[in-house]
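Structural description and commentary
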Amino acid sequence: MIKILILGGTSEASALASAVAKRGIPAIFSYAGRVNTPKPQPLPTRIGGFGGVNGLVTFLAQERITHIVDATHPFAAQMSSNVLAAAAQCGVKATAFTRPAWQPVTGDQWQSVASIDEAVNALAGPPQRVLLAIGRMHLNAFADQPQHHYVLRLVDPPTSPLPLPDVSSVIDRGPFTLEGDLALLENQRIQRIVCKNAGGEGASSKLTAARRLGLPVVMIERPHLPSRLEAHTVDEVINWLT
């Protein structure tokens, strides 16, 4: 009997959950718990971490999981590494449901960097209005470049002071549109964008908008992960499962 653990948080994970539910395949959907109001799923859902590799191993055994689909964010490197280690320990099959990384095209003004620290260093210079599209986890690092006004796009309203001296936030949830992102960049008078190379369609419109407006982008490239099995469409994952 197949029983799947889907590690979610992406639009791809939600699409897979719908496909699995329609087929009646037993599954559990797991959120990391970084968003206050996660999107409801058509599967039994848990929220929160597992407690490292050992906690994940325990969960897999308790729930009799046979397959893990890692559909977490491309920058959730620790979770993805934990999946590979736990699956190997338990003899559970594992694949990653990933989106292709974004690639620059003619007209893009990207500065590719390998880390958050390099992105912070790339912002040295005169004050600008910067759209910081990186989520909440690493905001405090950008306090090292306090001359800028940072605009944040967040899913949930901040519940505590943001760790930047000059900052404002826009509350919105993707997928985003080109028209909406053009309006955001123009209304907020953005002069530069900092983002992670998340890939996919749901958040790519800001890059098209930046290209149209001639704005430079500091692009944080994906972390290195161990070699693993990957799928790029729902059908590929379903075929692997069945």
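Look up: the structure comes first, before these words.
Read on for a plain summary of the structure.

1. Focus: the pattern of salt bridges
- Scanning all chains against the criterion turns up six salt bridges.
- Between Arg-99 and Glu-12 there is a salt bridge, with its nearest N and O atoms 3.0 Å apart. Taken as a pair, Arg-99 in the loop between β5 (93-97) and β6 (110-113) and Glu-12 in helix α1 (residues 11-23) lie far apart in primary sequence, 87 residues in all. Side by side, Arg-99 and Glu-12 carry an identical accessibility label, which is buried.
- The salt bridge partner of Asp-108 is Arg-211, with a shortest N-O separation of 2.8 Å.

2. Here's the deal with the packing of helix α5 (residues 178-187) against helix α6 (residues 205-213)
- The N-to-C vectors of α5 and α6 enclose an angle of 55 degrees; their axes lie 8 Å apart at closest approach. As the angle between them shows, α5 and α6 are arranged oblique. Handedness of the α5/α6 crossing: right-handed. Note on element contacts: α6 touches α5 through Ser-205, Lys-206, Thr-208, Ala-209, Ala-210, Arg-212 and Leu-213, opposite Leu-178, Asp-181, Leu-182, Leu-185 and Glu-186.
- When its residues are assigned to classes, the contact of α5 with α6 shows six nonpolar, two polar and four charged.

3. Focus: the side chain of Thr-72
- Considering the arrangement of structural elements, one finds Thr-72 in the loop between β4 (67-70) and α3 (77-90).
- Here the side chain of Thr-72 touches Asp-70 through a polar contact of 2.6 Å, side chain to side chain.
- Setting aside anything within four residues of it in sequence, one finds Thr-72 in contact with Leu-7, Gly-8, Thr-10, Met-79 and Ser-80.

4. Some words on the pairing of β5
- With four bridges connecting them, β4 and β5 associate as parallel partners. Following the sheet pairing, His-67 is matched in β5 by Lys-93.
- Where the polypeptide runs from β4 across α3 and back to β5, its parallel neighbour, the crossover connection is right-handed.
- Inspection of the sheet shows β5 paired to strand β12 (residues 230-231) by two bridges, in the parallel sense. Bridge assignment links Phe-97 to a residue of β12, and that residue is Ala-231.

5. So, the environment of His-73
- Structurally, His-73 is set in the loop between β4 and α3.
- Distance in space between the C-alpha atoms of His-73 and Thr-10 is 6.2 Å, their sequence separation being 63 residues.
- Ignoring any residue separated from it by four or fewer positions in sequence, one finds His-73 in contact with Thr-10 and Ala-198.

6. A closer look at the layout of surface pockets
- Volume-wise, the second largest pocket comes out at about 190 Å³.
- Taken together, 17 residues make up the lining of the second largest pocket; nearest its centre are Pro-74, Thr-98, Arg-222, Leu-225 and Arg-228.
- The residue makeup of the lining of the second largest pocket, split by class, is six nonpolar, five polar and six charged.

So, how was this worked out
- Residues numbered from 1 in each chain as written.
- Predicted model: local features only at pLDDT ≥ 70, side-chain atom pairs only at ≥ 80, totals over all residues.
- Heavy atoms only, no water.
- Salt bridge = Lys/Arg side-chain N within 4 Å of Asp/Glu carboxyl O.
- Helix = DSSP H or I, 4+ residues; strand = E, 2+ residues; numbered from the N terminus.
- Buried < 20%, exposed > 50% of the residue type's maximum accessible area, 1.4 Å probe, protein only.
- Axes fitted to C-alpha atoms, helices over the stretch in contact; angles between N-to-C directions.
- Parallel < 35°, antiparallel > 145°, perpendicular 65-115°, else oblique.
- Left-handed = near helix turned anticlockwise from the far one by under 90°.
- Contact = heavy atoms within 4.5 Å.
- Nonpolar A, V, L, I, M, F, W, Y, C, P; charged D, E, K, R; others polar.
- Polar contact = N/O pair within 3.5 Å; in protein donor to acceptor, adjacent residues only side chain to side chain.
- Pairing = 2+ DSSP bridges.
- Right-handed = clockwise from strand over helix to strand, strands pointing away.
- 1 Å grid on protein atoms, 1.4 Å probe; cavity = no way out; pocket = protein on both sides within 12 Å on 5 of 7 lines; lining within 4 Å.
- Points joined across faces, edges and corners; volume = space filled by probe spheres on them.

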